Structures are given as structure tokens and as C-alpha cells.
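Below are the chains, spelled out letter by letter.
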Amino acid sequence: MTLLITGGAGYIGSHTVLELLSTGHDVLVLDNLSNSSRESLARVAALTGRTPGFVQGDVRDRTLLDRLFTQHDISGVVHFAGLKAVGESVREPLRYYDNNVTGTLTLCQAMMAADVHRLVFSSSATVYGDPASTPISEACPTGQPTNPYGRSKLMVEQILQDLAAADPRWSIALLRYFNPAGAHASGRIGEDPRGTPNNLLPYISQVAVGRLAQVSVFGGDYPTPDGTGIRDYIHVVDLALGHLAALDYLQRHPGLQAWNLGTGTGYSVLDMIHAFEAACGHAIAYTIAPRRAGDIAACWADPGKAARDLGWRAQRGLAQMMADTWRWQSGNPDGYPGD
Ligand code: NAD
Ligand code: UDP
């Protein structure tokens, strides 16, 4: 039995493939490499001693999907493939809806035709919009995401809810990630954004390694203890292990469930910069800049439901997240070779 991992060459996907291979699962990755390179999977193979199957292709290609489901004994799908840059989604909404929504529709149609009904979907805390209170539990209503990327995630959640309601054979996990960060402890795989990073931690680490001059801290006047935005940063290996726990749960429970994957602790932008300074051993230049449009002041998870249902909890703290990021960034200052 094989698990199909769409987007498995990417940041979260490659860490999840590593954990799946390490625990004996057979894995087939489908990725169009639009935001990743094959090198991540070559390193996963070197680290685990097992080579994942790999097909370069698009999740919107129904003919290809049908062929994969026919040729392989696929028992479930983890669906990472999608586009994730908020600013780009504002400029290119059709590309985002096509990749993220049409991609998921095509995948589900192919799964249905192949009689495969176990699906883990990469959702996001962005579906909560600007939360009325924190911590955010799954009982909080979904809100109004402020950009096409966020809306594409909410649309897919709604489509999958309708699908599970219509057909009891489906078992579906909506995993609402908070802020993925960090890298594998080996320093061999990590986050390798193309172009200038949008997210905070890759930006900080590229300043630390000398690729960028200084961090712009978006907003110093939020109603938070130090005035900067607060988020729940979760180590990518903990996040990866959450997928294994969800896959296991789905084997035993039909229907659809949403789970927050976060730590339950929020850190400010300045907390993150100072923690990174401790990890890399030198100061990180930063300046306080205006707020970024669409940002909220504070957001962190109540991760209790995942602990109760899945027996999963984030184990890795801030210092480890920073040390692992620095090991990856300093060992691979320009990311994967050949990008
Ligand atoms: P990533 O860009 O590193 O990985 C996504 C992978 O999907 C890439 O390898 C890319 O080449 C591939 N891909 C994109 N469109 C495809 C398509 N149409 N067909 C086949 N492959 C395609 O991103 P990531 O950070 O690993 O995120 C994985 C998933 O988690 C995404 O769906 C993302 O929206 C979601 N997510 C990410 C974050 C985050 O902050 N990283 C937060 C919440 C949710
Ligand atoms: N942020 C920042 N400077 C940057 C990137 C991000 O100050 O260059 C802040 C952002 O305003 C937010 C936090 O860091 O408070 C996390 O932002 P990120 O884009 O990483 O994730 P988001 O929570 O927006 O998905």
C-alpha cells in the first residue's frame, strides 16, 4: 500500500515524506516542481536510506492522476500541492484558484474514480480570519480570509465538507497549520523559498546569513506586549508528525474532522529575532516598518483537539526551531543547489 503525496518535494511535504519513509510507509510523490527541486527528495532518500517514488506532474492533470491510481496500490493521499504566497495571490487570483481549488477538485474526482477515500488536506489558520479571541479552537467559526490564497483554502474546506457529508466512504482531515518554521535536525532539508521570502523566519535567517540586509518588522504598534505581531510558530517536524497521526486516525474513523496544528504558544516578531540571535550567535539588523496590509495582531492555537483525538502534541520548542533553521541556512546559504 502506497501513500500519494502531492507537493511532496516542497517544504512541509519533504519533511513529511521523510517521517513516512522512516516509519516504513511506501510513498509516491507527485510534484510539478513549480516551487521546489528534486534535490529535497534526493536528500530525504540519503537520510532515510529509502527512495520515494517520484513523478513530475501537475495535480490538475486528470489523465496523469488516473494513471497513477491505476499503476500504484494507493491507499490514501496527503495533499500539499498548491500555491501559498499571499501577495502573489492578490496579483494572480486565477492562478491561485486554479492550482488550489481546481487542483483539489481534480484530485478528489480521480480519488473517487479509483475508490480511494482517505485524504489529508493542508489547510491553514488563515481560514479563521481575524479571530474574536485567542487561543483559537476548532469550535471557533471560520472567518473571512483577507486574500485569494486564504479564500482558496476556505473554499476547499467547504468543498471537502460537502463531499464527506454526501458520501460516507470518505475520511478526510483538514489540518489547519499555524506558522510552520524550522528544519530537519540534520540541516540537510529545510525551507528554500524562491525569490525574497514573504515569511518571517526565512527572512530572518537570510539576514543572518548575509543574503538580505535587515528585517522589516511589520508594525510596532499592535496591542501586544512589545507592539509586534504574535503568531504560533510550529516546528516543521512536529507538523510532519501531525500528518502521520491524522493518517492513522482516518484509517479508523470515517467522516471529516478539522484539527489545529499549532503549539498553543505565541511569540512576537521581536521574540523571534532575539531567539534567532541566540541561535546564530550574532545580532540581526531590523527596523520597525509600517504594518503589512491584511495582518492581524495576534493568533495562536488551542491544540487540545489534536492532542485528544490524535495523541499528537508539538514537542519542539523555540530554541530548537531556531537552531535547526540556522543549521539548515548556514549549511545551505543559497538553498538547494541548482534552483
Ligand atoms: P511549498 O511551496 O514548499 O510546497 C508545495 C509544493 O507543491 C511545491 O513542491 C510545489 O512545487 C508543488 N505544487 C504547487 N502546485 C502544484 C500543482 N498544481 N501540481 C503539483 N505540484 C504542485 O509549500 P509548503 O510550505 O510546503 O506548503 C505545503 C501546503 O501547506 C500548501 O498547500 C500550503 O498552502 C499549505 N500551508 C503552508 C503554510 C506555510 O506557511 N508554509 C501554512 C499553512 C498552509
Ligand atoms: N513579519 C515581519 N516581517 C517580515 C515578515 C513577517 O514583521 O518580513 C511579521 C508579520 O507581520 C507577522 C509575522 O511576522 O506578524 C508572521 O508573518 P508570516 O508572513 O511569516 O506569516 P503569517 O502569519 O502572515 O502567515
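Definitions and cut-offs
Residues numbered from 1 in each chain as written. Chains lettered and ligands numbered in written order. Predicted model: local features only at pLDDT ≥ 70, side-chain atom pairs only at ≥ 80, totals over all residues. Heavy atoms only, no water. Axes fitted to C-alpha atoms, helices over the stretch in contact; angles between N-to-C directions. Helix = DSSP H or I, 4+ residues; strand = E, 2+ residues; numbered from the N terminus. Left-handed = near helix turned anticlockwise from the far one by under 90°. Contact = heavy atoms within 4.5 Å. Nonpolar A, V, L, I, M, F, W, Y, C, P; charged D, E, K, R; others polar. Core = buried A, V, L, I, M, F, W, Y, C linked by side-chain atoms within 4.5 Å. Buried < 20%, exposed > 50% of the residue type's maximum accessible area, 1.4 Å probe, protein only. Near = heavy atom within 4 Å. Polar contact = N/O pair within 3.5 Å; in protein donor to acceptor, adjacent residues only side chain to side chain. Areas by Shrake-Rupley, 256 points an atom, 1.4 Å probe, with all protein chains shown as cover.

A. A look at the packing of helix H3 (residues 62–71) against helix H5 (residues 93–114). Closest axis-to-axis distance for the H3/H5 pair is 9 Å, and the angle between their directions is 35°. Our pair here, H3 against H5, has a crossing hand that is right-handed. Contacts between H3 and H5 involve Arg62, Leu65, Asp66 and Phe69 from the former and Thr106, Leu107, Gln109, Ala110, Met111, Ala113 and Ala114 from the latter. Broken down by class, the residue content of the contact of H3 with H5 amounts to seven nonpolar, two polar and two charged.

B. Looking closely at the nonpolar core. In terms of nonpolar packing, the biggest core is built from 40 residues, with Ile5, Val17, Val120, Leu175, Trp259 and Leu261 touching the most fellow members. No other element matches helix H8 (residues 236–252), which puts nine residues into this core. When near neighbours in sequence (up to four residues on either side) are disregarded, Val17 contacts Ile5, Gly8, Val27, Val29, Leu41, Val44 and Pro52. Core analysis: the second largest hydrophobic core is formed by 28 residues, Leu65, Val77, Leu119 and Leu174 among them.

C. Representation of the site of ligand 1 within the structure. Not every one of the 27 residues close to ligand 1 is listed here, only the nearest: Asp31, Asn35, Ser36, Lys84 and Asn99. Between Ile12 and ligand 1, the recorded distance is 2.8 Å, taken from a backbone N or O atom to an oxygen atom. Note that an oxygen atom of ligand 1 is positioned 2.6 Å from one of the side-chain N or O atoms of Ser36. Protein contact buries 96% of the 820 Å² of open area that ligand 1 shows by itself. At the level of elements, helix H1 (11–22), strand S5 (118–124) and helix H6 (148–166) are the ones that each hand at least two residues to the shell around ligand 1. A total of three residues in the shell around ligand 1 trace back to one element, the largest contributor, which is S5. Here the shell around ligand 1 is composed, by residue class, of ten nonpolar, twelve polar and five charged.

Don't take any of this as a statement about function, it's just geometry.
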